[in-house]
Amino acid sequence: MNNENLGIPISNFKLMNTIKYLLQKEFIQIFRNKTLLPLIFVLPVVQLIILVNAATFEMKNIDMIVLDKDLSQSSRNLISKFEGSPFYHINSFTFSLEEAEEKLLDNSADVILNIPANFERDLLRNNKSKIQFLINAINGTAAGLINAYSISIVQDFNKEIIQEWYDLNQIKIELPIKLNYRYWFNENLEYTIYMLPGILVILVTLIGMFLSALNIVREKEIGTIEQINVTPIKKYQFIIGKLLPFLIIALFEMAFGLVIGRLLFDQPMVGSLWLLFGFTFVYLLVALGLGLFFSAISANQQQVMFTVYFFLLTFILMSGIFTPVESMPDWAQIINRINPFMYFMKAIRMILLKGSGFFDILDEFVSLSIYAVVILSLAIWRYRKTV
Amino acid sequence: MKRFFGFIKKEFFHIFRDKRTMLILFGMPIIQILLFGYVVTNEIKDAEIAILDLSKDDISQEITNKLSSSGYFQIKKVLHSHTEIEDVLKSGIIKEVVVFEADFAKKIEREGIANIQLIADASDANTANLIVNYTKGIISNYAISLRKDVEMPLQIEPEIRMFYNEELKGAFMFVPGTMALILMLISAMMTSISIAREKELGTMEVLLVSPLRPFQIIIGKVSPYIAMAFVNAVVIIAMGVFVFNMPVLGSISLLMLESLLFIVMALALGIFISTVSNSQQVAMFISLFALLLPTMLLSGFIFPIENMPLVLQWLSSIIPPKYFIIIIKNVMLKGTGISFVWKETLVLLGMTVFFILLSVKKFKVRLE
């Protein structure tokens, strides 16, 4: 009776103490490494600031070459539409298609506007006229955007001339359906506030996974793991001791990144930050758990690095950071269930931009929690104290 | 010389013995290319939308049908009041809500005009923009068809032709980009790690006191990686050609030579990283952070460089993959020869020399 009553607090005390010492050891090791330490804290911040600006799909300065064989009032009006647009920059005028195509070839122009002779005559006589856009599609994304921008300018132009025509003939034209649209959560369609949380997720994961993955395997390689193996430290204590320090560092990076986002990029934070950090905590358990698991099954640092790199690259590209997850084929969406990035990418954007609450992200939360339990158990199971 | 070959043989053994690393190194390009080709896409397909039809008449029904049969949208939810809009958008399943006002058809008949409101979840700005544009297009077409009595005059029809990538296939962008990423990884990361490893384990000292000259050691170290990286380059190009029908309009030998140049450049970079790092951990950290995200984001692989702020455009000029991607695209898609890419080739050459000189300088310092 007595023994039992006393036994529990003592073993609890011992457990806490052991973990405390392990944590102390890890932190001393991290803060002693004078090369790695600044890298851990400076590189992510620098990258965040730089890369958020790089990730934009907004087109500016589309270089256009005009091939106007008609030289009429209408063709000039159309060209001035492009001149007036902030997105286009008329690079040059020419009368030779070869010359214009040459410029596409050496990348000095993005698009050729080809207005055929008889453009105005066809427009007045047949009510229909054709123009051609020849787009340099060497970069597919840019080409898609140029295509959309050009068509919308032509459509505007169409509307104007229709309006003029009806004004002249004094007919009232109005389509029977009036459309108005609103963009919620991001009125101005800004790309940075969408990308920043995504890039932050990647950076925080890189740091956490990198540190945790290399850690155990490094001890293996140097041989110090033998020393730990002969101590009475339990396997789960060891894993907790390896997990917590990096978790704290990663949470710190997350907070730091959010502050930068707030100060430099006006990142909106609509939802509860407590919820965000709670979610981050569970996510990091998974990310670091994966790192520890890879570490436990690898023999040397090189091997673990490639395993991590492989999964990181695949996970990042499938996470929905650049392209919507919903556009992926079904089989890819099934594979994506084991992609922790996907859950977090979705949740962080929902919380920060939309202010979604706990019940909105319940699915992601439950999935990640199960994931965390599974992967940490696997890591503990795979870590062998015997050689 | 015999000693030197023996050394190279040892290095090959070292690498090929590690079955898992081998599997990853040769499996990764294949999986990566397939992923990019099939999975990563910007197209809108079956986007999930909700309808709030306060009128429920023939016309609103017909527009709803037009939307759902367009292939772009899938009507996931039918709402009954405005208060539900915020909830469904916040839950994240619904991308857009289409709201028909009450007495929709009646208003069209009596007043000649009725309202539809589109509310898009713009937390993903790009997707929201696309979805709203598609919806606008479908509804406008329908609205025009309602006014059969008036003929639309004066239409200018734009005809679009995409040069060098007629169907705007994503693979044409991703194959060169992935190639740059993978070659960079294998060459720069592997060399930097393997040299840092020898240093850390102390075996570098052993090599340095051997009769082999330092440059022989370096060449011996990198030659297996050159071979592996080159095999990967060939595999990636072959997959681009045979799986995604990517053309190779230019000269294949030029393509191979440029790939080789890029590989050597990446190796030189790897050697340089290893000379500035004192442990594998640092070497990996630098290669991972300095190479992964910048290669993805600043090389023009996914996001067009012309759209970036000026400072970043300058910054992108020190990112080697940028030049490699330009060269590959030129040779494969445009079929241009060296006369169009000599500048980029020179930059890569210059970078190679720069990294080698820098490493030689650092290397000597260590030996003193």
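Predicted model only: the values in this text are computed from it and were never measured. (Residues numbered from 1 in each chain as written. Chains lettered and ligands numbered in written order. Predicted model: local features only at pLDDT ≥ 70, side-chain atom pairs only at ≥ 80, totals over all residues.)

**Some details on the overall build of chain A**
Here's step 1: Helix and strand content of chain A: 14 helices and 5 strands.
Here's step 2: Computed over C-alpha atoms, the radius of gyration of chain A comes to 30 Å, more than 25% over the 21 Å expected from 2.2 N^0.38 for 387 residues, which places it beyond the range of a compact globule.
Here's step 3: Along the first, second and third principal axes, the C-alpha set of chain A runs to 105 × 45 × 40 Å.
Here's step 4: The proportion of buried residues among the 387 residues of chain A is 43%.
Here's step 5: Relative to all contacts within chain A whose residues are 6 or more apart in sequence, the contacts with residues 24 or more apart total 81%. (Helix = DSSP H or I, 4+ residues; strand = E, 2+ residues; numbered from the N terminus. Rg over C-alpha atoms; globule rule 2.2 N^0.38 Å. Buried ≥ 20, exposed ≤ 12 C-beta atoms within 10 Å, placed from the backbone. Contact = placed C-beta atoms within 7 Å.)

**Observations regarding the packing of helix H10 (residues 273-297) of chain A against helix H11 (residues 301-318) of chain A**
Residues and elements named next belong to chain A.
Here's step 1: H11 packs onto H10 with a crossing angle of 140° between their chain directions and a minimal axis gap of 9 Å. In terms of axis orientation, H10 runs oblique to H11. Note on packing geometry: the crossing formed by H10 with H11 is right-handed. Between H10 and H11, the contacting residues are Gly291, Phe294 and Ser295 on the first element and Val304, Thr307 and Val308 on the second. (Axes fitted to C-alpha atoms, helices over the stretch in contact; angles between N-to-C directions. Parallel < 35°, antiparallel > 145°, perpendicular 65-115°, else oblique. Left-handed = near helix turned anticlockwise from the far one by under 90°.)

**Notes on unusual backbone geometry**
All names here are of chain B.
Here's step 1: Positive phi, normally seen in glycine, also occurs at Asp103, with a value near 55°.
Here's step 2: Summarising the element assignment, Asp103 is placed in the loop between strand E3 (96-100) and helix H5 (104-111).
Here's step 3: Even without a glycine there, the phi angle at Tyr164 is positive, about 70°.
Here's step 4: Inspection of the secondary structure assignment puts Tyr164 in the loop between strand E5 (155-163) and helix H7 (171-201).
Here's step 5: We classify Tyr164 as buried; it has 22 C-beta atoms within 10 Å.

**What to know about helix H9 (residues 214-244) of chain B**
All names here are of chain B.
Here's step 1: The end-to-end C-alpha distance of H9 is 44 Å, a good match for the 45 Å that 31 residues give at a rise of 1.5 Å each.
Here's step 2: Along H9, the helix axis deviates most sharply at Val222, where the bend reaches about 30°; the proline Pro224 sits within four residues downstream.
Here's step 3: Directly after H9, the chain includes Asn245, whose backbone phi takes a positive value near 55°. (Expected span 1.5 Å × (residues − 1). Bend = angle between axes of the 7 residues up to and from the residue.)

**A look at the domain arrangement of chain A**
Here's step 1: On domain assignment, one finds that chain A holds domain 1 (29-55 + 191-386) and domain 2 (62-170).
Here's step 2: A straight line from the C-alpha centre of domain 1 of chain A to that of domain 2 of chain A covers 48 Å. (Domains from an automatic or database assignment.)

**A look at the interface of chain B and chain A**
Here's step 1: Each partner contributes residues to the interface: chain B has 97 residues there, and chain A has 97 residues.
Here's step 2: Sorting elements by how many residues they give to the side of chain B that touches chain A places helix H6 (residues 125-146) of chain B first, with 11 residues.
Here's step 3: Residues belonging to the side of chain B that touches chain A are distributed by class as follows: 58 nonpolar, 23 polar and 16 charged.
Here's step 4: As paired strands, strand E4 (residues 128-136) of chain A and E5 of chain B are joined by 9 bridges and run parallel to one another. (Nonpolar A, V, L, I, M, F, W, Y, C, P; charged D, E, K, R; others polar. Pairing = 2+ DSSP bridges.)

**What to know about the sheet that holds E3 of chain B**
Here's step 1: If you trace the 5 strands from one edge of the open sheet to the other, you get E5(A)-E4(B)-E3(B)-E1(B)-E2(B), paired in mixed fashion. The open sheet terminates on both sides in strands that have one partner only, identified here as strand E5 (177-184) of chain A together with strand E2 (73-79) of chain B. Here the average twist between neighbouring strands, direction ignored, is 25°.
Here's step 2: Two elements, E3 of chain B and strand E4 (residues 114-121) of chain B, share 5 bridges in a ladder whose sense is antiparallel. The residue bridging Glu96 of chain B from the neighbouring strand is Ala120 of chain B, located in E4 of chain B.
Here's step 3: Sitting on the sheet, helix H4 (residues 83-91) of chain B is in contact with E5 of chain A together with strand E1 (47-53), E2, E3 and E4 of chain B, with an inclination near 135° to E2 of chain B.
Here's step 4: Across the sheet, H6 of chain B is in contact with E5 of chain A together with E1, E3 and E4 of chain B; its angle to E4 of chain B comes to roughly 160°.

**Points about the sheet that holds E4 of chain A**
Here's step 1: Here 5 strands make up an open sheet; going across it, the order is E2(A)-E1(A)-E3(A)-E4(A)-E5(B) and the pairing mixed. Because the sheet does not close on itself, it has two edges, and the strands there are strand E2 (88-94) of chain A together with E5 of chain B. Direction aside, the axes of adjacent strands within the sheet are offset by 25° on average.
Here's step 2: Across 4 bridges, strand E3 (residues 111-115) of chain A lies against E4 of chain A in antiparallel orientation. Within E4 of chain A, the position partnered with Asn114 of chain A by the bridge is Gln132 of chain A.
Here's step 3: Against the sheet, helix H3 (residues 73-84) of chain A contacts strand E1 (62-68), E2 and E3 of chain A, and its axis sits at roughly 170° relative to E1 of chain A.
Here's step 4: Seen against the sheet, helix H5 (residues 119-126) of chain A touches E3 and E4 of chain A together with E5 of chain B and runs at an angle of roughly 140° to E4 of chain A.

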